[in-house]
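Architecture at a glance
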Amino acid sequence: MSEIIVEMGGIEIGRENDTLLSLGLGSCVGVIIYDPIKKIAGLAHVMLPNSQDHEFPVIEKKALIADRDIITRRQIKDIITHDFAVILESKEKDETVSVYRQLKPHMSFISAFLPPTNGLDAIHALLNIDHDINAIVLSPSTDPSTLSQYLSNGAREVILAPFTELKIKSCVDYIIHKNLLKFADRAVPTIIGKMMNSGAEKSNLMAKIVGGAHMFPTLMDEEIMNIGKQNIEAVKRILHEFGIRVTSEETGANIGRTAIFEINTGILKIRTKDGTRII
Amino acid sequence: MINTQLTPSELDALSEMGNIGTGNAATALSKFINKNVDMNIPQTKFVPLKDFSKLVGGPEKIIVGAYLQISGDIDGESLFIFPREGALEMIDILMGRPPGTTKIVNDMDESAFKEMTNVITGSFLNSVANMFDVKLVPSVPHIATDMAQTVLDFILIKVSRSADSMLCVKTMINVEGHHIDGEFLVLFDEKSLKKILRTLHQKYGEAIR
């Protein structure tokens, strides 16, 4: 039984027996997306509606795709092409190691079946070069022991076939674009992608929304008054685009809220300065 | 704004500004309530946005926040924060009640509290304005009492579009006999911060490198 506290602008995924929390939602919005059947859920602490509005400097990133199959390599490359300035490919372990040495990519996608042996060996070889290789394993297997084997041997994440845009981009955003996860339009797809990487089924997904308040009721500044409302609307719009139904909502007004979501039971509790209640 | 854009001496100079400002604010408050007031030497530092609530006791700590906007030659905002007990203590002092009396805040209490924040912020800004030869006008204060993170987040949201941390001047108020944990966060946007730094360099030139 563990409590996972999601920090401002962050995203976390939990499983059965976990509780996801977002402490102190004022104008920010806590979005919970959950699969009640697989008992997997994600929570995002959203701060702003639209990532097009960001003013972060763009840092050029590099990626490496290591897979013996050219079609898979192309597929991944097409999906990530806008996120990376340089994308190099390799077909087997030794080539992967030498390309890595030259490129020093920010992220590496490595096939579980990379010749001559497997992806695990390639990861070990790369870990001899760098601590943080941000290796993402592309695997056809849903066997949990395989997944945990990769994760405990240096992989950041394992993506299960089919390698959809949603799954790949959620990985990229979570690792490379952490500072964009505060935006609703990046947070929601990233939660969905990561949940699917953990085995959730898109058709099971439902959502709950908390927050988006206006904390200074006497303050009539329009820009400030609208932040909460805009966050709520953006979150709802994106959930709607993904076809995810909102099952409960506790938003608006002038009160601060902490959201507590128990994945086992699907119960959402709201804690305010006046007490806790279940919605 | 990225931390590394400020040199240690620039940060020192801003600290000095905070120091002078809080010194003046303490004097003004002292006259206002007719008691000895001390304000600690402020800490001026960059704080990651996600750690701000820790500064004031944690994300769910119930605080009273008095928010006002600064306009004129420089734009910014200030948030004056007291833990709820501290605010009640302050109101006891303002209204001349024995400590521990005020449990629920009525309209007059809130008025007095707002007036106090006006006095403090007004004198702080006046000294900053004098130091930089600029005009600074504070707005009317707005009050919210709720969990710290919820009171802070709309300011953090604004900054978060382009940065992961924010400059904050943190000080504490000591009213004779009563140690009241109040934090005074002054936030400048990037443009204004650049303006301030330029003026610092113009006025104090060599001393700041």
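These numbers come from a predicted model, not from an experiment. Starting afresh in each chain, residues are numbered from 1 along the sequence in its written order. Lettering for chains starts from A, numbering for ligands starts from 1, and both go in the order in which the items are written. Under the rules for a predicted model, residues below a pLDDT of 70 receive no local features and side-chain atom pairs below 80 are neither given nor counted, while totals for whole chains, interfaces and linings still include all residues.

1. Points about the overall build of chain A
Starting at the N terminus, helices and strands are each numbered in turn, a helix being any DSSP run of H or I of at least four residues and a strand any DSSP run of E of at least two. A tally of regular secondary structure across chain A gives seven helices and 15 strands. Along the first, second and third principal axes, the C-alpha atoms of chain A reach 65 × 40 × 30 Å. By the burial criterion, 46% of the 279 residues in chain A qualify as buried. Buried residues are those with 20 or more other C-beta atoms within 10 Å of their own C-beta, exposed residues have 12 or fewer, and partly exposed residues lie in between; C-beta atoms are placed from the backbone.

2. With respect to the overall build of chain B
Secondary structure assignment for chain B yields six helices and ten strands. Its C-alpha atoms give chain B a radius of gyration of 17 Å, within 12% of the compact-globule value 17 Å for 209 residues. Across its three principal directions, the C-alpha atoms of chain B cover 50 × 35 × 25 Å. Looking at chain B as a whole, 42% of its 209 residues are labelled buried. Distance between backbone-placed C-beta atoms decides contact: two residues are in contact if it is within 7 Å. The contacts of chain B with a sequence gap of at least 6 include a subset with a gap of at least 24, amounting to 69%. As defined in this context, the radius of gyration uses C-alpha atoms, and a globule is described by 2.2 Å times the residue total to the power 0.38.

3. Regarding the environment of A:Ala155
All names here are of chain A. Here alanine 155 lies in strand 10 (residues 155-160). For alanine 155, a count of 23 C-beta atoms within 10 Å puts it in the buried group. Placed 22 residues apart in sequence, alanine 155 and isoleucine 133 show a C-alpha to C-alpha distance of 8.3 Å. Other than its neighbours up to four places away in sequence, alanine 155 contacts Ile123, Ala135, Ile136, Val137 and Tyr150.

4. Examining helix 4 (residues 107-132) of chain B
Residue and element names in this part refer to chain B. Residue count minus one, scaled by 1.5 Å, sets the expected span of a helix. Compared with the 38 Å implied by 1.5 Å per residue over 26 residues, the 37 Å span of helix 4 between its first and last C-alpha is a close match. For helix 4, the set of buried residues is Phe113, Met116, Thr117, Ile120, Thr121, Ser123, Phe124, Leu125, Ser127 and Val128. Packing partners of the buried residues in helix 4 comprise helix 1 (8-33), strand 3 (62-72), strand 4 (76-83), helix 3 (84-94) and strand 5 (136-138). One or two residues past the end of helix 4 sits aspartate 133, with phi positive at roughly 60 degrees.

5. Overview of unusual backbone geometry
Residue and element names in this part refer to chain A. Between proline 115 and proline 116 the backbone carries a cis peptide bond, its omega angle lying at 0 degrees. Within the fold, proline 116 resides in the loop between strand 8 (107-111) and helix 3 (119-127). Residues alanine 161 and proline 162 are joined by a peptide bond in cis, for which omega reads 0 degrees. Take proline 162: it is sitting in the loop between strand 10 and helix 5 (165-176). With a phi close to 55 degrees, lysine 39 is a non-glycine residue in the positive phi region. Examined against the element boundaries, lysine 39 turns out to sit in the loop between strand 4 (29-35) and strand 5 (40-46).

6. What to know about the interface of chain B and chain A
The interface is formed by 23 residues belonging to chain B together with 27 residues belonging to chain A. When residues of the side of chain B that touches chain A are traced back to their parent elements, those giving at least two are strand 3, strand 6 (142-147) and helix 5 (148-160) of chain B. No other element matches the nine residues that helix 5 of chain B contributes to the side of chain B that touches chain A. Basically, the charged four are Asp, Glu, Lys and Arg, the nonpolar ten are Ala, Val, Leu, Ile, Met, Phe, Trp, Tyr, Cys and Pro, and anything else, Gly included, counts as polar. Per-class residue counts for the side of chain B that touches chain A are eleven nonpolar, six polar and six charged.

7. Quick notes on the environment of B:Ala112
Residues and elements named next belong to chain B. With respect to the element layout, alanine 112 can be found in helix 4. For alanine 112, a count of 17 C-beta atoms within 10 Å corresponds to the partly exposed category. In this structure, the C-alpha to C-alpha distance between alanine 112 and isoleucine 91, residues 21 residues apart in sequence, is 7.4 Å. With sequence-adjacent residues up to four places away left out, alanine 112 is seen in contact with Ile91, Leu94 and Met95.

8. Examining the sheet that holds strand 8 of chain A
Residues and elements named next belong to chain A. Being paired, for any two strands, means DSSP has found at least two bridges between them. Pairing within the open sheet is parallel, and its five strands lie in the order 7-6-8-9-10. Of all strands in the sheet, those with a lone pairing partner are strand 7 (86-90) and strand 10, marking the two edges. Ignoring strand direction, the axes of neighbouring strands in this sheet form an average angle of 20 degrees. Summarising the sheet, strand 9 (residues 135-139) and strand 10 pair through five bridges and their orientation is parallel. Each bridged residue has a counterpart across the sheet, and for serine 139 the counterpart in strand 10 is leucine 160. To get an axis, a line is fitted to the C-alpha atoms, and for a helix only the part in contact is used. The angle between two axes follows their N-to-C directions and goes from 0 to 180 degrees. Where helix 5 meets the sheet, it contacts strand 8, strand 9 and strand 10, and its direction lies at approximately 165 degrees from that of strand 10.

9. Focus: the domain arrangement of chain A
Residue and element names in this part refer to chain A. Here the domain parsing of chain A yields domain 1 (2-54 + 183-278) and domain 2 (62-177). Domain boundaries shown here were taken from an automatic or database domain assignment. One C-alpha centre belongs to domain 1, the other to domain 2, and the line joining them spans 30 Å. Contact with domain 1, which involves nine residues of that partner, is made by eleven residues of domain 2. Per-element tally for the side of domain 1 that touches domain 2: the top contributor is helix 6 (residues 184-197), with eight residues. Of the residues belonging to the side of domain 1 that touches domain 2, the class tally is four nonpolar, three polar and two charged.

10. Notes on the pairing of strand 4 of chain A
All names here are of chain A. Counting buried residues along strand 4, seven of its seven residues qualify, which places the element largely inside the surrounding structure. Along strand 4, one buried face is formed by Val29, Val31, Ile33 and Asp35 and the opposite face, lined by Gly30, Ile32 and Tyr34, is buried too. Connecting the antiparallel pair strand 4 and strand 5 is a turn made up of four residues, with lysine 39 showing a positive phi of about 55 degrees.

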